[in-house]
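Inside the fold
Listed here are the chains, written in short residue letters.
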Amino acid sequence: MIRFRAGEGLLGLAHADITTFPAEAVVNAANAHLAGGGGVDGAIHQAAGPQLPPACRAIVARRGPLEAGEAEPTPGFALQARYIFHAVGPIWRGGGHGEPQALARAYRSCLELARAHGVRTLAFPAISCGVYGYPVDLAAPLALAELARGLREGLAEEAWMTLYSAQAYETWLGHARRILKD
Ligand code: AR6
């Protein structure tokens, strides 16, 4: 676990499972219909319990499917976290279809939800870096820069990247050491 400073805020990296991470809000790498799935989405649904799917369905019924870059909140239900911010990342299609902008927006949308809901600490998975195929060496610097920018603006106090594998943690750490200050 390591922390970097970003203005008044802290940007942390942890080799951890997001479902048990002690943050006020955890971010889910969801799909447009908030329909659940595999990866971190499956793990969060499993841990949050049976109240989560109806809450997700109600959101999509109210506003329609989410575009890449958007995020919507639900309660955390059985999670320790008070909220789940369901963010939809872009599907990687080679990088020339607005993927970087959409990925940056996904992180930004969650920081703005944190601000709106009085959440000071939130934890992110590596959005789009699994099934959606975003190359991690491109996603990591972009995500870290976007989080640092939001923290410097005071949108939240602490943002954590929870990396599920030791290899992912090392990759993100390498990028963080290059672009952030301890
Ligand atoms: N904690 C933290 N990170 C995790 C965990 C966990 N418990 N489990 C997996 N990861 P993915 P995407 C990492 O595929 O690429 C779903 O089916 C994982 O190693 O979960 O945005 C949705 O329903 C990877 O680095 O999300 C969508 O349809 C990262 O989380 C689609 O997949 C994200 O991988 C979204 O794809």
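In case you missed it, the structure is sitting above this.
Right, let's walk through the structure included here. Every value quoted in this text rests on a predicted model; they were computed, and no experiment measured them.

1. Looking at the pattern of salt bridges
A complete count under the given rule lists 9 salt bridges for this structure. Across the salt bridge formed by Arg62 and Glu72, the nearest N and O atoms sit 3.5 Å from each other. With Arg62 in helix H2 (residues 52-63) and Glu72 in strand S4 (residues 71-75), the pair connects residues that are 10 residues apart, well separated along the chain. Given the relative accessible area of 12%, Glu72 is considered buried.

2. A look at the site of the ligand
Within the structure, the ligand sits among 21 residues, and Asp17, Asn31, Asp41, Ser128 and Val131 are positioned closest to it. Note that a nitrogen atom of the ligand is positioned 3.0 Å from one of the backbone N or O atoms of Ile18. Between an oxygen atom of the ligand and a main-chain N or O atom of Val131, the distance comes to 2.8 Å. Its free accessible area being 710 Å², the ligand has 86% of it covered by the protein chains. Of all the elements, helix H1 (residues 39-48) adds the most residues to the shell around the ligand, at 4 residues. A per-class count over the shell around the ligand returns 11 nonpolar, 8 polar and 2 charged.

3. Structural notes on the packing of H1 against H2
Running from N to C, H1 and H2 cross one another at 120°; their axes reach a closest spacing of 9 Å. Comparing the axis directions of H1 and H2 gives the class oblique. Contacts from Ile44, His45 and Ala48 in H1 reach Leu52, Pro53 and Cys56 in H2.

4. Quick word on the side chain of Thr121
Take Thr121: it is sitting in strand S6 (residues 121-124). Setting aside anything within four residues of it in sequence, one finds Thr121 in contact with Ala23, Glu24, Ala25 and Glu158.

What counts, and where the lines are drawn
Residues numbered from 1 in each chain as written. Predicted model: local features only at pLDDT ≥ 70, side-chain atom pairs only at ≥ 80, totals over all residues. Heavy atoms only, no water. Salt bridge = Lys/Arg side-chain N within 4 Å of Asp/Glu carboxyl O. Helix = DSSP H or I, 4+ residues; strand = E, 2+ residues; numbered from the N terminus. Buried < 20%, exposed > 50% of the residue type's maximum accessible area, 1.4 Å probe, protein only. Near = heavy atom within 4 Å. Polar contact = N/O pair within 3.5 Å; in protein donor to acceptor, adjacent residues only side chain to side chain. Areas by Shrake-Rupley, 256 points an atom, 1.4 Å probe, with all protein chains shown as cover. Nonpolar A, V, L, I, M, F, W, Y, C, P; charged D, E, K, R; others polar. Axes fitted to C-alpha atoms, helices over the stretch in contact; angles between N-to-C directions. Parallel < 35°, antiparallel > 145°, perpendicular 65-115°, else oblique. Contact = heavy atoms within 4.5 Å.

Interpretation in functional terms is not warranted from these geometric data alone.
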